[in-house]
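Survey of secondary and tertiary structure
The residues making up each chain are set out below.
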Amino acid sequence: GTLIQTNDLKKIYYTDEIETTALAGVNLEVKNGEFVAIMGPSGCGKSTLLNILGLLDNPSHGEFYFSDQEISQFSERKRADLRKENIGFVFQSFNLIDELTVFENIELPLIYLKYSASERKKRVEEVMEQMKIMHRRNHFPQQLSGGQQQRVAISRAVVAKPNMILADEPTGNLDSANGQEVMSLLSELNAKGTTVIMVTHSPVDAEYAHRVIHLFDGQIVSENINTRDSTLV
Ligand code: ADP
Ligand code: ADP
């Protein structure tokens with residue numbers, strides 16, 4: 001089925017009387033289980049699009065269907081509820097909380113979702129095992145390498161079993177070996193059914209996607225199917 005559908009999505013920012021059209025009419029459909037990469041030059045609207053698809057921001061114009069609900073004008077509160085239950089985020093800069101341990105960082109989404117302490121422990125340990133980060137459970141982010149920090153961030157993104165992961169340049173701060181490990185983890189999660197939408201500048205990372213969308217000046221200008229993956233085409 002279809003997870004995301006946008007029709008003529010536009011985003012206009014108004015700052016100091018300057019009007020910036022960040023998205024100029026985006027029509028995008030993403031099916032459940034897809035792995036989509038978004039590429040394009042700096043300033044073309046990639047982050048803006050990811051923020052809207054991730055229910056962090058509303059579009060200025062157009063329709064946005066998420067799991068068949070039209071949500072473009074949802075209140076902040078309703079968007080936040082939908083977001084916490086459905087979406088995990090992974091960022092270039094990891095965005096971990098320095099004062100919390102690995103375990104506590106990964107546990108956070110489950111606290112928001114009101115899991116019990118015993119459910120949290122069970123689920124966090126399961127994910128730490130899967131992400132090969134168990135031996136670091138009591139460490140703080142600053143005691144970890146970049147690759148390890150990103151594995152913690154991915155753990156936090158998936159701990160509540162979201163149906164979609166949004167990744168913004170997930171390998172941007174990593175060397176190529178750690179970058180490939182992170183891409184393999186995202187690929188594995190996708191293979192188990194999680195939809196992945198990723199912004200990247202890296203053609204190597206884009207190879208992991210089923211489909212690559214190119215944005216330019218706030219519009220989709222081309223789309224490639226990665227033929228290596230015949231399963232979804
Ligand atoms: P990308 O992620 O591709 O670099 P962005 O989505 O960040 O592009 O930005 C698209 C355009 O919107 C740019 O011209 C940028 O300056 C502008 N923009 C982004 N965020 C804001 C904001 N909060 N306020 C004003 N302009 C913004
Ligand atoms: P990664 O999983 O990213 O390779 P690890 O946490 O396994 O990182 O650490 C990298 C290397 O450091 C491994 O060879 C591991 O055995 C070793 N190592 C892990 N924890 C410690 C530690 N507390 N003290 C010393 N060496 C460690």
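An unreviewed UniProt entry lists the protein under the name ABC transporter ATP-binding protein, from Reichenbachiella agarivorans.

An α-helical turn contains 3.6 residues, so a residue and the one three or four places further along point in the same direction. In this model helix α4 (residues 117-130) runs 20 Å from its N-terminal to its C-terminal C-alpha over 14 residues, within 8% of the 20 Å that 1.5 Å per residue would give. For α4, the set of buried residues is R120, R123, V124, V127 and M128. Buried positions in α4, seen along its axis, are confined to an arc of 135° and lie on one side of it. Opposite the buried face of α4, at more than 90 degrees from it, the exposed residues are S118, K122 and E129. Against the buried residues of α4 lie α3 (102-112) and α5 (146-158).

Moving on, we get to the site of ligand 1. Neighbouring ligand 1 are Y13, T15, T20, A22, P41, S42, G43, C44, G45, K46, S47 and T48. In the model, an oxygen atom of ligand 1 is placed 3.1 Å from a nitrogen or oxygen of the G45 main chain. For ligand 1, an oxygen atom lies 2.9 Å from a polar atom in the side chain of K46. Looking at the shell around ligand 1, the element that brings in the most residues is helix α1 (residues 46-53), giving 3 residues. Among the residues forming the shell around ligand 1, the class breakdown is 4 nonpolar, 7 polar and 1 charged.

Our next topic: the packing of aromatic side chains. Evaluated as defined, the whole model comprises 1 aromatic pair. With centroids separated by 6.0 Å and ring planes inclined at 10°, the aromatic side chains of F89 and F91 adopt a geometry described as stacked. Taking the ring centre of Y112 as reference, the NZ or CZ of K84 above it sits at 5.2 Å.

Evaluation of the coordinates by the stated rule reveals 13 salt bridges. Between E76 and R79 there is a salt bridge, with its nearest N and O atoms 3.4 Å apart. With E76 and R79 both in helix α2 (residues 76-86) and 3 residues apart, the pair spans about one turn of that helix. By relative accessible area, which is 45% here, E76 ends up partly exposed. Residue R79 is classed as buried on the basis of its relative accessible area of 7%. Among the ionic pairs, E223 bridges to R211, the shortest N-O distance being 2.7 Å. Of the two residues, E223 sits in strand β10 (residues 219-225) while R211 sits in strand β9 (residues 211-216), which places them 12 residues apart along the sequence.

Summarising the element assignment, E107 is placed in helix α3. Taking the C-alpha atoms as reference, E107 lies 23 Å from E169; in sequence the two are 62 residues apart. Once residues within four sequence positions are removed from consideration, E107 is found in contact with R120 and V124. Here R120 takes part through its side chain, which lies 2.8 Å from a polar atom of the side chain of E107.

Criteria and cut-off values
Residues numbered from 1 in each chain as written. Chains lettered and ligands numbered in written order. Predicted model: local features only at pLDDT ≥ 70, side-chain atom pairs only at ≥ 80, totals over all residues. Heavy atoms only, no water. Helix = DSSP H or I, 4+ residues; strand = E, 2+ residues; numbered from the N terminus. Expected span 1.5 Å × (residues − 1). Buried < 20%, exposed > 50% of the residue type's maximum accessible area, 1.4 Å probe, protein only. Arc of directions from axis to C-beta. Contact = heavy atoms within 4.5 Å. Near = heavy atom within 4 Å. Polar contact = N/O pair within 3.5 Å; in protein donor to acceptor, adjacent residues only side chain to side chain. Nonpolar A, V, L, I, M, F, W, Y, C, P; charged D, E, K, R; others polar. Phe/Tyr/Trp six-rings, centres within 6.5 Å; stacked < 30°, edge-to-face > 60°. Lys NZ or Arg CZ within 6 Å of the ring centre and 35° of its normal. Salt bridge = Lys/Arg side-chain N within 4 Å of Asp/Glu carboxyl O.

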